[in-house]
Amino acid sequence: MVRILGAVVQPRLLTVQQLRTLPSVTQTILTECAGNGRASLEPPVSGEQWTSRAVSTAQWTGVSLRSVLELRETAVEVVFTGADGGRYQRSLPRDVATDAGTMLAYEMNGSPILGQFGGPVRLVVPDWYGMASVKWLARIEAVEKPFRGEFQARRYVYAEGVPVTRIRIKSMFTDVPDLVPVGVPVRVMGLAWGGEGVRGSRWRSTASGTRRGWSVPSCPTHGAASNSIGSRLPAAATSSPAGPPTWRGRSQPDEPEWNVLGYGNNAVQRVELLAT
């Protein structure tokens, strides 16, 4: 069950069964660990040495948080606590907590959420790195001053006073041939995503959105000798020009932006094609 309290109009205690009686929403959402890509930082940093696989997409079903949470005017943030005795807590700004996309999920891909994925109820925050989507949700508390817990102020920060929040714009290859004949067109495919929408890769533009697939229908390779490097291809995306001013038109950096905790690496990915 989930307890709702603090600077709210009506404190509540909701069971999973009660949540299931409310109007449901279903969203397909990409979730990325803030430490995804940490292994490529130089000099190395501590923490889980993720390469590029700490990202996934799932279909979540639950209720919009704002449908069960009515805040008082004095509330500035909402703090979420997991059922681990309060060892992990995160807060969201008022406007994010009450956004239509922020939800209390009780199903993942059409089935009850397993414990390993945060069930029976977890928070799901679209477009934010995974640390915001608190698992095993037990308590929701509206507060009247900014929350300064361990995982809010000292962890999941790029630097002091600079918090990790929305997913940075990113793109990666998903299907690239190992060997290609010289001069023969090949198709490469990939994904682009980001917390404020994606315009596209350097090869092909796409519509605005959180997650987009892309492909290059004709990408001729160049090379002379057998087994030489034919092409070194970059995958890079740019955020939507229709997004908020602070995110509008952002592109991936050519090199990782180093930080002591290794978060938010969204450097351009490059792959080499071997010519035959």
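Conventions used here
- Just so you know, the residues in each chain are numbered from 1, in the order the chain's sequence is written.
- This being a predicted model, a pLDDT of at least 70 is required before a residue's local features are given, and a value of 80 or more before pairs of side-chain atoms are given or counted; all residues contribute to the totals for chains, interfaces and linings.
- With hydrogens and water set aside, each side-chain value is computed from the structure's full complement of heavy atoms.
- Labels follow the DSSP assignment, with helices taken as runs of H or I lasting at least four residues and strands as runs of E lasting at least two, numbered in each case from the N terminus.
- For each residue, the accessible area found with a 1.4 Å probe, counting protein chains only, is set against the maximum for its type, and the residue is called buried under 20%, exposed over 50%, and partly exposed in between.
- Contacts are residue-level and defined by heavy atoms, with any inter-residue pair within 4.5 Å sufficient.
- Per-residue accessibility takes into account occlusion by the displayed protein chains alone, with areas from the Shrake-Rupley method and a 1.4 Å probe.
- Residues enter a nonpolar core if they are buried and are Ala, Val, Leu, Ile, Met, Phe, Trp, Tyr or Cys, with the set joined through side-chain atoms within 4.5 Å.
- Each reported salt bridge corresponds to a side-chain nitrogen of Lys or Arg within 4 Å of a carboxyl oxygen of Asp or Glu.
- Each Phe, Tyr or Trp ring, with Trp reduced to its six-membered ring, pairs with another whose centre is within 6.5 Å; inter-plane angles below 30 degrees give stacked pairs, above 60 give edge-to-face pairs, and intermediate values give tilted ones.
- Strands are labelled as partners when DSSP assigns at least two bridges between them.
- For helices, the fitted axis covers only the stretch in contact; all axes are lines through C-alpha atoms, and the angles between them, taken along N-to-C directions, range from 0 to 180 degrees.

Novice: Got a minute to help me understand the overall build of the chain in this structure?
Specialist: When you go through the chain residue by residue, the secondary structure sums to 3 helices and 20 strands. Across the 276 residues that make up the chain, the buried fraction comes to 47%. For the chain, the share of sequence-separated contacts (at least 6 apart) that also reach a separation of at least 24 residues comes to 67%. Accessible surface computed for the chain: about 13700 Å², of which carbon and sulfur atoms make up 51%.

Novice: How should I be thinking about the nonpolar core in this particular structure?
Specialist: It is characteristic of soluble globular proteins that their nonpolar side chains tend to be buried jointly. One finds Leu-65, Phe-80, Leu-92, Leu-104, Leu-123, Met-131 and Ile-140 to be the most contacted residues of the largest nonpolar core, which totals 42 residues. Of all the secondary-structure elements, those providing two or more residues to this core are strand E1 (2-6), helix H1 (16-20), strand E5 (77-82), helix H2 (94-97), strand E7 (103-108) and strand E10 (137-143). Per-element tally for this core: the top contributor is E10, with 3 residues.

Novice: Honestly, the pattern of salt bridges in this entry has me stumped. Any pointers?
Specialist: Side chains that carry opposite charge are capable of pairing whenever their charged atoms lie near each other. A full pass over the atoms with the stated rule returns 6 salt bridges. Two residues, Arg-139 and Glu-141, come together in a salt bridge whose shortest N-O distance is 3.0 Å. Given the relative accessible area of 32%, Arg-139 is considered partly exposed. For Glu-141, a relative accessible area of 26% translates into the label partly exposed. One salt bridge connects Glu-150 with Arg-154, and the closest N-O pair in it is separated by 2.9 Å. Of the two residues, Glu-150 and Arg-154 are both situated in helix H3 (residues 150-154); the distance of 4 residues between them amounts to about one turn of the helix. Overall, the relative accessible area of 36% leaves Glu-150 in the partly exposed class.

Novice: I'm lost on the environment of Arg-187 in this one. Help?
Specialist: In this structure, Arg-187 sits in strand E15 (residues 185-193). Using a relative accessible area of 43% as the deciding quantity, one classes Arg-187 as partly exposed. Separated by 10 residues in sequence, Arg-187 and Pro-177 place their C-alpha atoms 8.1 Å apart.

Novice: Help me out: how do you make sense of the packing of aromatic side chains in this one?
Specialist: Centre distance and the angle of the planes are the two values used to describe a pair of aromatic rings. A full pass over the atoms with the stated rule returns 3 aromatic pairs. Centroid distance Tyr-88 to Phe-151: 4.8 Å. Interplanar angle 50°. Geometry classified as tilted. Of this pair, Tyr-88 sits in the loop between E5 and strand E6 (89-93) while Phe-151 is found in helix H3, placing the two residues 63 residues apart along the sequence. Between the aromatic rings of Phe-151 and Tyr-156, the centroid separation amounts to 6.5 Å while the plane-to-plane angle is 40°, which identifies the pairing as tilted. There is no split in this pair, since Phe-151 and Tyr-156 are both buried. Among the aromatic residues, those joined into a ring-pair cluster are Tyr-88, Phe-151, Tyr-156 and Tyr-263.

Novice: Looking at this model, I keep getting lost on the environment of Asn-109. Mind explaining?
Specialist: Position of Asn-109 relative to the elements: it lies in the loop between E7 and strand E8 (111-112). Between the C-alpha atom of Asn-109 and that of Thr-61, which follows or precedes it by 48 residues, the distance is 7.9 Å. Filtering out sequence-adjacent residues up to four positions away, Asn-109 remains in contact with Ala-58 and Gln-59.

Novice: Hey, could you run me through the sheet that holds E5 in this one?
Specialist: Sheets are built from strands paired through backbone hydrogen bonds, the pairs being either parallel or antiparallel. The strand order E2-E1-E10-E5-E6 describes an open sheet built from 5 strands, whose pairing is mixed. The outermost strands of the open sheet, each flanked by one partner alone, are strand E2 (12-14) and E6. Strand-to-strand, the axes of this sheet are offset by a mean angle of 20°, without reference to chain direction. Across 5 bridges, the pairing between E5 and E6 is antiparallel. Bridged to Thr-81 within E6 is Gln-89.

None of this, on its own, says anything about what the molecule does.
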